[in-house]
Structure formats: C-alpha cells, structure tokens
Amino acid sequence: MEQETQAPKATVSRRTFLSGAAAAGALAALGAMTGCSPKAKGEAKAETVANANAPTSQADWLGEAPQTSDADCTEILDFDVLVIGAGTSGYFAAASAAESGLKTLLIEKSTAGNSVRSSALGAVNSKQQQEHGVSIEPADIVNDMDHYALGQIDARLVRKWAENSGEAIDWYTDLMTENGMEVQLEWNMPEGTLYKEWATGHGTNGEYPSREQDVARILDAYITSFPGCEERFETPMESLIVEDGKVVGAYAKSKDGSIRINALRGVVVATGGYAYNQDMYAALQPTRLSCLGTFDAFPTCTGDGIKALMRIGAQMDAVHTSLTFNRCLLAQDQEVGDAYMTGANYGYYFFSSQPFLRVDHAGNRFHNESAPYDFVMNASSKRAVGDRFWHQIWDSNWQDDIYRLHTTGCSTICYHEGADHDAWPEMVDEWIAPEMESFVEAGYIQKADTLEELAEKIGITDKETFLATCERQNENFDNQQDPDFGKEPFRLTELRNPPFYGTVKSCGLTLCTLDGIMVNESLQPLGEDGAPIEGVYVIGNDQGGFYAGTYPNLAVGINAGRCATFGRMVGKALAEK
C-alpha cells in the first residue's frame, strides 16, 4: 500500500499478473500463492461430498489418530522449537524463535513454503503509520472487531494483536528492505463511510506471483542462517506426542518414513485451517458452502493441525467462520454450492467488490452493497439452496464511478494517492477494462443496449421488478439518498448510460477458515475443561476465538497481520521460557 506520494513502481503485482490473465483457467493455473489474488486449486485429495448441506458427525471428519510409535521412526531429531506449517504465521514464528537463539525446525508438507501474504499485513502503530499521521487507538479497533463478532470472540486476543502488531510489521518491513523488497502502507481511507475503514494494511511490492516465493526465499535464508536451525519440506505432521500430560514433540512423515521430532521448549501449530477438507467444511459450514462458487485456498489446508490438537483434547471454536470474498463469477449452467467441483471454470473478478447495484434472481435489491465482502453471502443465504447467488449491475459510466466509490484493500481497482500498494495509474486501461470485456466473451458477464435486454440475458425471472429496481436506483442517485438500505451517497450510482452490464451469477469464494482451536492469552490451546494444554501453541488459521461468523475486511489485512503478530510473539515467548 502506497507509502510515498509518488506513483508506484512498474513492478506492482497485479499489473502483469492480471492484465493478460482474465480467463478463469489462466487465473487458476498460477502457483498456489498467498493473498487476495487467485491460487491454484492443485490436486485436492479430499473426496466429493454428495450433499454439501447434509451435516456429518464429528467422527466422520475427525477420523482416527495415526498410530505412529518410536519403533516406526527412521530418525529422531532434537530441537528447542518445532514449528509446523510454513505460511505467514509459521514463518514469523520460526524466524522469531531462530533469531532469539533457539534451535528451531520448521516443517511443511508442501514442496516449498507458502510464504507471507503480500496483499496486506494488518497492524496498529507501525512506523509507517506514524510517518503518515495514521493514529488508531487500540481500544477503538478492538471494540469494532468485537462489534462485528457480536461479542462472541476473545477480545483480549484482538487487543494483543493491536498492541503488538506494529513491532511485528516493522521487523518484517526492515527485513524486506534489507533484501530489496518494499512494504507500503495504504493510508488513504474514504471519509463518510457507514462501516469504519481502517488504515491498517501493509502490502509487499513486487511482481505477482513471484513476489510470494521471493519472500519465502528471504525467510528461508534468514531462518537457516542461525546455528542449528533447519527447514524440512514435504514433511507433513502425523500426530502430536504427549508425555505426562504435556506435548513434547510430534511425529512427521519424511520421504524415508516416519520421524520423531522432540521440541524442548515447545511445538507451534500453524497448518492453515481446513478450507480444503471437504468433509470438515461441509459439516461445520454448510450454509457458507451453499453460497460459494469455488475455493481460493491452499489445497494443503486440510485441517491437520486442528484435528491433531482435538485428538489430544483441545477445544474447537464453536462459531464457525470463513474468510470469504464476493468475487466468483459462474456461468448460467454452473451451480452455486458445488465449490469443490468447479475447478478452473470460474471468473475471479476483483470488480465484484465494488458497491454497484446487486439484485437477486427476481430483480430485487436485497442489501447495502457498501458492506464488508461476506455480508452479501450472508444475505443471499436466506434464499433457497441453489438460488444463493446475485447479479451485479452497472452501466458505461463505471470508469468515472470507481474513483468516487473509493474502495480499499485488495478491492482497489483504480489509482489514487496513498491507495493499495498494487494500484498503478494505468490499471483501468491496462487491466480492468480489458478483463471486463474478456468476461463478457467468456459468458460470465452479459452486456446489452437496454436494461430490458440485459434482464433477459442474465436470467432475471421478473423483468418488471428488475426494471423498477433500476428506476429506484436512479431515483436514489438523483436524490443522493438511499432510504432503502442506507448506502453512503458518494457510493450511489445510476443506470442510464448504455451499454449496461450484469453478472450472470456472482457468488463467494473462500480463502481460508478462521475457526480453529480456542487458546488463552499465551496462545496455548484450551482443553475441554478450559485448562491450557502445556508444551504446544496455536497460531494462524488453526487458532480460534479471534472472529465469529464474519471476516471484518475493512480492517485491511487484519487476518494476515494477526498471523504475523502472533507468530512473532510466540517465538519470542518461547525464548523467555
């Protein structure tokens, strides 16, 4: 996110990535990287769920613990700290432990680390925020997050993030700078919004998708530069080892067989949640699944850490939550809710996060389009299964409208000073407009000279209702007031200038799950009796208690910032034991 008042460099991420990659297959075929941008679907191993809305029992998805023993092991390793999972949280934890003088092992089941999310790391009171005059009172943002969660979270965890995130992101910014990469703050927030937007996002510049692995290589080199510290890839965890009521290590699988890893100071679990475990997701989040067109998650995020912790008695968050974006486009013959079977046949459309008119299949407007990303899925979930999609409608004035609408974070699709770090001055002409037309050609968007024609093309079932809705949209624009849903006047748009555009089926895509294991303020997992389980710590998307029911994306990058902050905190805490 833009740190200086000058235009971004020519190496911004989405410029080369998306300007020529509008086709859904090209988007999905790129490497499995972190952030708002699409990830490869990979070769997911989970079996298809016959009925995604039919919950299964916990036993179905929890399964039996692997029966590994020392006798099965080809190798026994001794370390101070074992970190399981090389994503944002795991990398920060391993780096923090290693630089603190602890002999650290980082293991990951993929062939390479999943790196650190580049699109935004949320923080409070960083050096860049201070330089730009951004002042956020921790209590204010904690209460906003608690408000979104209806008080169902552990607000003490949010406060810990707010109070410690500035230091964590400053450390990361300095390390990236030393290695030729830039981290920028998005400091320019819109004024007069109904939903508070927070200048928290710190984004890593560089070409996408290579910047993700550039960061991973920097962190790999940093961690292994410390004496005795190692990384092992293609090394999935099998189970945690408990002795005398305390976690003392873990069994993992190497190419040569099982290995035992002893961890004197502690084990850190950071395996990334369970978005790609079909049985688990369908059982725990059937309503959200019914509103999805696809998943934009790492195929390796199959609940390994959560299940391993539950098998030793840890308690899972009772409020099941996903980080879901409103950016999936499907064609007329595709079904919403069949997300694991969509493959590469969808459109990943950043434009969908713009607050243009949204209507249901009958042509009715149904929510405030200026709300956080997943609110539209929540509203759509009140309709019948199979109808949980919407149509987004706009006219040819959109190129003027988007500057005024001023969305933030990775929904940014035009450049202005202090905007998202991925924005560049020519992005509308070089990416947004050509992509829109390519999605028209692909059948995900329809284009028409009249609203009547558009209604027919996108499959509206009640044309008269749709036309009345469009007329009401124009009336609200003229009056600069939205008495129906209260959208901010500066985000109202009209429908008078052909050609008119409409999405055939807009729906959600989930990036990750957010409902992991409940922890205390020391980030230790809590057992069913409420007591902490010693010897193990839980961070990242394996950790629960931070969200409830929704992802408040208007605190830009808060989830990746939480992952980074708690990773750094736990590494330092282990050194103090």
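So, here's what we can say about the structure. (Residues numbered from 1 in each chain as written. Predicted model: local features only at pLDDT ≥ 70, side-chain atom pairs only at ≥ 80, totals over all residues. Heavy atoms only, no water.)

### Points about the overall build of the chain
Put simply, the rule is: Secondary structure is summarised from DSSP: a helix means a run of H or I of at least four residues, a strand means a run of E of at least two, and numbering begins at the N terminus for each. Buried means the residue's accessible area, taken with a 1.4 Å probe over protein chains only, is under 20% of the maximum for its type, while exposed means over 50%, and partly exposed covers the values in between. Note on contacts: a residue pair qualifies if any of its non-hydrogen atoms lie within 4.5 Å across the two residues.
The helix and strand inventory of the chain stands at 17 helices and 18 strands. Expressed as a percentage of its 577 residues, the buried residues of the chain come to 64%. Across the chain, every contact between residues at least 6 apart in sequence was considered, and the portion connecting residues at least 24 apart equals 76%.

### Focus on the nonpolar core
Selection rule: To define a nonpolar core, start from buried Ala, Val, Leu, Ile, Met, Phe, Trp, Tyr and Cys residues and group those joined through side-chain atoms within 4.5 Å.
Leu240, Phe351 and Trp398 are the most contacted members of the largest nonpolar core, which has 150 residues in total. The dominant element in this core, judged by the number of residues it contributes, is helix α7 (residues 155-178), at 9 residues. Residues contacting Phe351, with those up to four places away along its chain left out, are Phe356, Gln392, Trp394, Trp398, Ile402, Ile413, Ile432 and Met436. Of all hydrophobic cores here, the second largest spans 14 residues; its members include Leu357, Val359, Leu451 and Ile458.

### Looking at the sheet that holds strand β17 (residues 505-513)
Heads up, the rule is: For two strands to be treated as a pair, DSSP must find no fewer than two bridges joining them.
Judged by pairing direction, the sheet is mixed, and its 4 strands sit side by side in the order β10-β17-β11-β12 without closing on themselves. Each edge of the sheet is formed by a strand with only one pairing partner; in this case those strands are β10 (292-295) and β12 (347-348). With 3 bridges connecting them, β10 and β17 associate as parallel partners. Its bridge partner lying in β17, Phe295 is registered against Thr510.

### A few points about the packing of aromatic side chains
Heads up, the condition is: Stacked, tilted and edge-to-face are the three classes applied to pairs of Phe, Tyr and Trp rings, where Trp contributes its six-membered ring and a pair requires centres within 6.5 Å; stacked means planes under 30 degrees apart, edge-to-face means over 60, and tilted covers the rest. Here, over-ring charges are defined by two tests on the NZ atom of lysine or the CZ atom of arginine: distance to the ring centre within 6 Å, and angle to the ring normal within 35 degrees.
Scanning the model with the defined rule gives 27 aromatic pairs in all. Between Trp171 and Tyr222, the aromatic rings sit 5.9 Å apart at their centres with planes inclined by 65°, giving edge-to-face as the arrangement. Note that Trp171 is positioned in helix α7 and Tyr222 in helix α8 (residues 210-224), a separation of 51 residues in sequence. Note on Trp171: relative accessible area 12%, which makes it buried. Here the aromatic cluster, defined as three or more aromatic residues joined through ring pairs, consists of Tyr349, Phe351, Phe356, Trp394, Trp398, Phe439, Tyr444 and Tyr501. Here the basic side chain of Lys196 rests over the ring of Trp198, its NZ or CZ set 4.9 Å away from the ring centre.

### As for helix α4 (residues 88-99)
The cut-off we apply is this: To estimate the expected span of a helix, subtract one from its residue number and multiply by 1.5 Å.
For α4, spanning 12 residues, the distance from its first C-alpha to its last is 17 Å, which sits close to the expected 16 Å at 1.5 Å a residue. The buried fraction of α4 amounts to 11 of the 12 residues, a majority that puts the element mostly inside the structure. The complete set of buried residues in α4 reads Thr88, Ser89, Gly90, Tyr91, Phe92, Ala93, Ala94, Ala95, Ser96, Ala97 and Ala98.

### Comments concerning the sheet that holds strand β14 (residues 391-394)
Basically, it comes down to this: Axes here mean lines fitted to C-alpha atoms, for a helix over just the part in contact, with angles spanning 0 to 180 degrees between N-to-C directions.
Ordered by their spatial adjacency, 4 strands build an open sheet running β13-β14-β16-β15, and the pairing between neighbours is antiparallel. Looking at which strands have only one partner, the edges of the open sheet turn out to be β13 (357-359) and β15 (445-448). Put simply, the sheet's adjacent strands are angled 25° from each other on average, direction ignored. Summarising the sheet, β15 and strand β16 (residues 500-503) pair through 4 bridges and their orientation is antiparallel. Note that in β16 the partner of Ala448 across the bridge is Phe500. Across the sheet, helix α15 (residues 451-458) is in contact with β14, β15 and β16; its angle to β15 comes to roughly 155°. Packed on one face of the sheet, helix α16 (residues 463-479) meets β13 and β14 and runs near 155° to β13.

### Comments concerning the environment of Tyr251
We count it as follows: Polar contacts, as used here, are pairs of N or O atoms within 3.5 Å; protein pairs need one atom able to donate a hydrogen and one able to accept it. Residues neighboring in sequence count only if both atoms are side-chain atoms.
Tracing the sequence through the fold places Tyr251 in strand β8 (residues 246-254). Residue Tyr251 is classed as buried on the basis of its relative accessible area of 9%. Leaving out residues up to four positions away in the same chain, Tyr251 has contacts with Thr68, Ser69, Asp70, Cys73, Met237, Glu238, Ser239, Ile241, Ile259 and Arg260. At 2.6 Å, the side chain of Tyr251 forms a polar contact with the side chain of Asp70.

### Overview of the pattern of salt bridges
Put simply, the rule is: The working definition used for a salt bridge is a side-chain nitrogen of Lys or Arg within 4 Å of a carboxyl oxygen of Asp or Glu.
Applying the stated rule across the entire model yields 30 salt bridges. Salt bridges sharing common partners tie together Asp154, Arg156, Arg159, Glu163 and Glu521.

### Overview of helix α13 (residues 398-405)
As a reminder of what qualifies: The arc in question is traced by the directions running from the helix axis to the C-beta atoms.
Taken as a whole, α13 has its buried residues at Trp398, Asp401, Ile402 and Leu405. For α13, the arc enclosing every buried residue in end-on projection is 100°, short of the 170-degree limit, so these residues lie on one face.

### Focus: the environment of Gly257
One can find Gly257 in strand β9 (residues 257-269). C-alpha separation for the pair Gly257 and Glu75, spaced 182 residues apart in sequence, amounts to 8.4 Å. Here Gly257 is in contact with Thr74 and Ala252, once residues within four sequence places are set aside.

### Details of the packing of α13 against helix α14 (residues 427-442)
We count it as follows: Each angle receives one of four descriptions, namely roughly parallel if under 35 degrees, roughly antiparallel if over 145, roughly perpendicular if within 65 to 115, and oblique otherwise. Working rule for handedness: look at the near helix, and if it is turned counterclockwise from the far one by less than a right angle, call the crossing left-handed; if clockwise, right-handed. Polar here means any residue outside two lists: the nonpolar Ala, Val, Leu, Ile, Met, Phe, Trp, Tyr, Cys and Pro, and the charged Asp, Glu, Lys and Arg; Gly therefore counts as polar.
Running from amino to carboxyl end, α13 crosses α14 at an angle of 120°, the nearest separation of the two axes being 12 Å. Classified by the angle between their axes, α13 and α14 sit oblique to one another. α13 and α14 meet at a crossing whose hand is right-handed. Contacts between α13 and α14 involve Trp398, Gln399, Ile402 and Tyr403 from the first element and Val428, Asp429, Ile432, Ala433 and Met436 from the second. A class-by-class count of the residues in the contact of α13 with α14 yields 7 nonpolar, 1 polar and 1 charged.

### Overview of the pairing of β9
For β9, the buried fraction is high: 11 of the 13 residues fall into the buried class. One ladder, built from 10 bridges, connects strand β1 (residues 73-84) with β9; its direction is parallel. Within β9, the position partnered with Ile76 by the bridge is Arg260. The sheet contact formed by β8 and β9 spans 6 bridges and is antiparallel. Bridging from a neighbouring strand, Ala252 pairs with Ile259 of β9. Where β8 folds back on β9, the antiparallel hairpin that results is connected by 2 residues. Where β9 meets strand β18 (residues 536-538), 3 bridges bridge the pair, whose relative direction is parallel.

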